[in-house]
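Architecture at a glance
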Amino acid sequence: MINLICGTYNHALTKSFIVHPYADQLTEDEKIIIGDMTKSMVKLKNIFLTLKEHNVNNCTTMKQVYNARYAYRYSIRDSNTEMQQLMKLIERDQYIHWHRLKDEDVVRDIF
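Worth saying up front: this structure is predicted, and the values here are computed from it rather than measured.

Looking at the nonpolar core
Of all hydrophobic cores here, the largest spans 8 residues; its members are L26, I34, M37, I47, F48, L51, V65 and A68. Within the residue set of this core, elements represented by two or more residues are α1 (28-39), α2 (44-54) and α3 (62-77). Broken down by element, this core gets its largest block of residues, 3 residues, from α2. In contact with I47, other than residues within four places in its own chain, are I34, M37, T38, V42, V65 and R69.

Next up, the structure:
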């Protein structure tokens, strides 16, 4: 608990903002970089290192990069489920495939 005396806090200022929510936010440029690198199938650690190279004072964590990649992939597939997106991509890229359904909308097997 923090006690307020005479309008000031009774503790010293932090030396680093690494855990501060504002410092953890990704900029729009960083989100674009993450999206482009994700589209190019770059590994997570390489995306993270690229962000750190562009800005030495960057406080981004691996978890934030992971979440940004997930958000990018989710935005690509719109409202489709993962299985619907898979089937859409199989059809789009004209893969030879075969599948069986358990019910009308539950995939039982896919080959």
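Let us keep going from here.
A few points about the pairing of strand β4 (residues 107-110)
The pairing of strand β3 (residues 99-101) with β4 spans 3 bridges and is antiparallel. When the sheet's bridge partners are listed, R100 is paired in β4 with D109. Linkage of β3 to β4, two consecutive antiparallel strands, is achieved through a turn of 5 residues.

Quick look at α2
Those residues of α2 not exposed but buried are I47, F48, T50 and L51. End-on, the buried residues of α2 take up no more than an arc of 160°, which puts them together on one face. In this fold, the buried residues of α2 make contact with α1 and α3.

As for the packing of aromatic side chains
Within the structure shown, the criterion is met by 1 aromatic pair. Measuring from centroid to centroid gives 6.2 Å for Y70 and Y74, while their planes differ by 25°, and the two rings are stacked. Pair noted here: Y70 and Y74 are both in helix α3, with a separation of 4 residues, about one helical turn.

Here's the deal with the confidence of the model for the protein chain
Looking at the protein chain as a whole, the pLDDT averages 82, with 78% of positions reaching at least 70. Here strand β1 (residues 4-5) stands out as the least confident element of the protein chain, with mean pLDDT 58; α1 is the most confident, with 92.

Overview of the environment of Y70
In this structure Y70 comes out as partly exposed when scored by relative accessible area, which is 45%. The sequence separation of Y70 and T38 amounts to 32 residues, and the corresponding C-alpha distance is 9.5 Å.

Comments concerning the packing of α1 against α2
Contact geometry for α1 and α2: axes closest at 10 Å, N-to-C directions at 145°. Note that α1 runs across α2; the crossing there is right-handed. Counted together, E30, I33, I34, M37 and T38 of α1 and N46, I47, T50, L51 and H54 of α2 form the full contact between these two elements. The class makeup of the residues in the contact of α1 with α2 is 5 nonpolar, 4 polar and 1 charged.

Thresholds applied
Residues numbered from 1 in each chain as written. Predicted model: local features only at pLDDT ≥ 70, side-chain atom pairs only at ≥ 80, totals over all residues. Heavy atoms only, no water. Core = buried A, V, L, I, M, F, W, Y, C linked by side-chain atoms within 4.5 Å. Buried < 20%, exposed > 50% of the residue type's maximum accessible area, 1.4 Å probe, protein only. Helix = DSSP H or I, 4+ residues; strand = E, 2+ residues; numbered from the N terminus. Contact = heavy atoms within 4.5 Å. Pairing = 2+ DSSP bridges. Arc of directions from axis to C-beta. Phe/Tyr/Trp six-rings, centres within 6.5 Å; stacked < 30°, edge-to-face > 60°. pLDDT = per-residue confidence, 0-100. Axes fitted to C-alpha atoms, helices over the stretch in contact; angles between N-to-C directions. Left-handed = near helix turned anticlockwise from the far one by under 90°. Nonpolar A, V, L, I, M, F, W, Y, C, P; charged D, E, K, R; others polar.

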